[in-house]
Amino acid sequence: LALLIIVLFILFFPNLRPARHSHQIDYLGAAALILAVVPTMLALSWGGTDYPWDSVLIIGMFAFSAMMIVLFIMIERKSPEPIIPLSLFKNRVIAPTEIVIFLTGFGMFGGIVFIPLFFQGVLGLSATTSGSFLTPMMLGMVFGSFVSGQFLSRSGGHYRIQGGIGLAIMAMGLALLSQMTVNTSYSMAVINITLTGLGLGITMPAYIVAIQNAVKYEMLGVATSSAAFFRSIGGAIGLAVLGSVMNNRFALDFARNLPSDAKTIIPVEQLEMLTHNPRVLVSADALVQLKSNLEQLGSRGMVLDQTVQALRHALDSALSHAFLIALGLLVLAFIANFFISEIPLRSKHVSEHTPES
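Computed from a prediction, not measured in an experiment: that's the story for all the values here. (Residues numbered from 1 in each chain as written. Predicted model: local features only at pLDDT ≥ 70, side-chain atom pairs only at ≥ 80, totals over all residues. Heavy atoms only, no water.)

## Topic: the packing of aromatic side chains
So, step 1. The tally for this structure, following the rule as stated, stands at eight aromatic pairs.
So, step 2. Aromatic pair Phe229 and Phe230: ring centres 5.4 Å apart, planes at 80 degrees, arrangement edge-to-face.
So, step 3. With a relative accessible area of 24%, Phe229 lands in the partly exposed category.
So, step 4. Seen in terms of ring centroids, Phe334 and Phe338 are 5.1 Å apart; in terms of plane orientation they differ by 75 degrees. Their pairing is edge-to-face.
So, step 5. Aromatic rings pair up to connect Phe89, Phe229 and Phe230 into one cluster. (Phe/Tyr/Trp six-rings, centres within 6.5 Å; stacked < 30°, edge-to-face > 60°. Buried < 20%, exposed > 50% of the residue type's maximum accessible area, 1.4 Å probe, protein only.)

## Describing the layout of surface pockets
So, step 1. Counted as a void, the second largest pocket has a volume near 360 Å³.
So, step 2. Forming the boundary of the second largest pocket are 15 residues, of which Leu33, Val37, Ile69, Phe229 and Phe230 lie nearest the centre.
So, step 3. Where the lining of the second largest pocket is concerned, the elements lending two or more residues are helix H2 (27-46), helix H3 (56-78) and helix H9 (220-257).
So, step 4. The element contributing the most residues to the lining of the second largest pocket is H2, with five residues.
So, step 5. Each residue belonging to the lining of the second largest pocket can be placed in one class, and the counts come to 14 nonpolar, one polar and no charged. (1 Å grid on protein atoms, 1.4 Å probe; cavity = no way out; pocket = protein on both sides within 12 Å on 5 of 7 lines; lining within 4 Å. Points joined across faces, edges and corners; volume = space filled by probe spheres on them. Helix = DSSP H or I, 4+ residues; strand = E, 2+ residues; numbered from the N terminus. Nonpolar A, V, L, I, M, F, W, Y, C, P; charged D, E, K, R; others polar.)

## Here's the deal with the environment of Met204
So, step 1. Secondary-structure assignment places Met204 in helix H8 (residues 186-213).
So, step 2. Remark: the alpha-carbon pair of Met204 and Thr104, spanning 100 residues in sequence, is separated by 9.2 Å.
So, step 3. Beyond its immediate sequence surroundings of up to four residues, Met204 is in contact with Met108, Met141 and Arg231. (Contact = heavy atoms within 4.5 Å.)

Geometric values such as these leave the question of function open.
Structure (C-alpha cells):
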C-alpha cells in the first residue's frame, strides 16, 4: 500500500512550489512548547493514581506548565518566524475551529483506546478479537471522510453545517457507547462504534478545509500543522483525563460491587491490587494467578466468579463514565462550531508572489 501511494503521489500530486527564501527555526518556541505540554501530560496521568492531586509534585508540574505557556506566548510574539503564529487566533475561522478540533480529539483517542478495553475487559473477548472491533470505526472514518470531501467540493464549502452534522453523529455514537453493558450484543456495539467513526470522519476534512481556506497560501503549512497539533494535544490530554477518571471510578465501583464474603476471603494486598488495576480482566496470566491464589486459601469457583463479575461491572461503569465525559466535551464542540465564520472556498491558487488574474 505504501509503494502504491508513493507512485500515485509522484504521478498525480500537483507540483506547486513556493518562492524560496531563508528561514529562522523557532528553537526557543519549540522548547517552551514542549516544556509546557509534557509536565501537563505527566501530571494528568499521575494525578489521583500515583500521586494525590494536591501533592507538591502534581501542583508543581501544573504551575511549571503555566509558566512555560506564558514564556511561550512571549517568545512567539517576538519571534520572526514563530512555530505557532499568534495572529492565527485572531482569525474568526481558525480560533473556534481549533477549539472544536481540540475537543473532538478527546472523543477520537478515547474511542480508539477504550473500545478494545470494553470488548476485552467487559465482554471477555481476546486481545486480537477486541482490537479487530476497531475496524468498523476506521471504515466509518474513511467513508465519512470520502462523503465529507465530496460534499464540500460540490456544495461550495458549507463546512460549519457539515461539521455540526458530523459532531451530532459522533455524539450519538458516544452516547450509545456510554450505555453499553456486559449484556450488549456484538452487533449493537459495532453499530455504536461505526456511528462514532462516521461522525469523526465527516468532521476531520471539513475543519481542515475551513482552516486552509481562511489563511494565505504562505501560511498553509503552519495552519494545517496547528490543526494536527491541537487534535493530538486534545487526544493526549483526553487520554490522561479520561484514564484518570476511569481508574478512580473503577476503584469506587469495584469496592461497592464486590460481595462482603469475597472481601473477607481475599487478602488485603491482593484486594488493593485489584482495586487499582483491572489488568486481571485483560490478562489470562493474571486471571490464572488470581484463581491460584484463591484456591490456596481454600476458596473455590463462587468467590472467583463473584470477583470477576465485580471487576467487569466496575470496568463497565468506569468506561461508561469516561464516554459520558467525552460526550459532554463534544456538546461544547458542537456549540463552538456555530461560532465559526463561513467564507466561500477558493477556486484557484493565489499567493503573495503571484498576482491574481
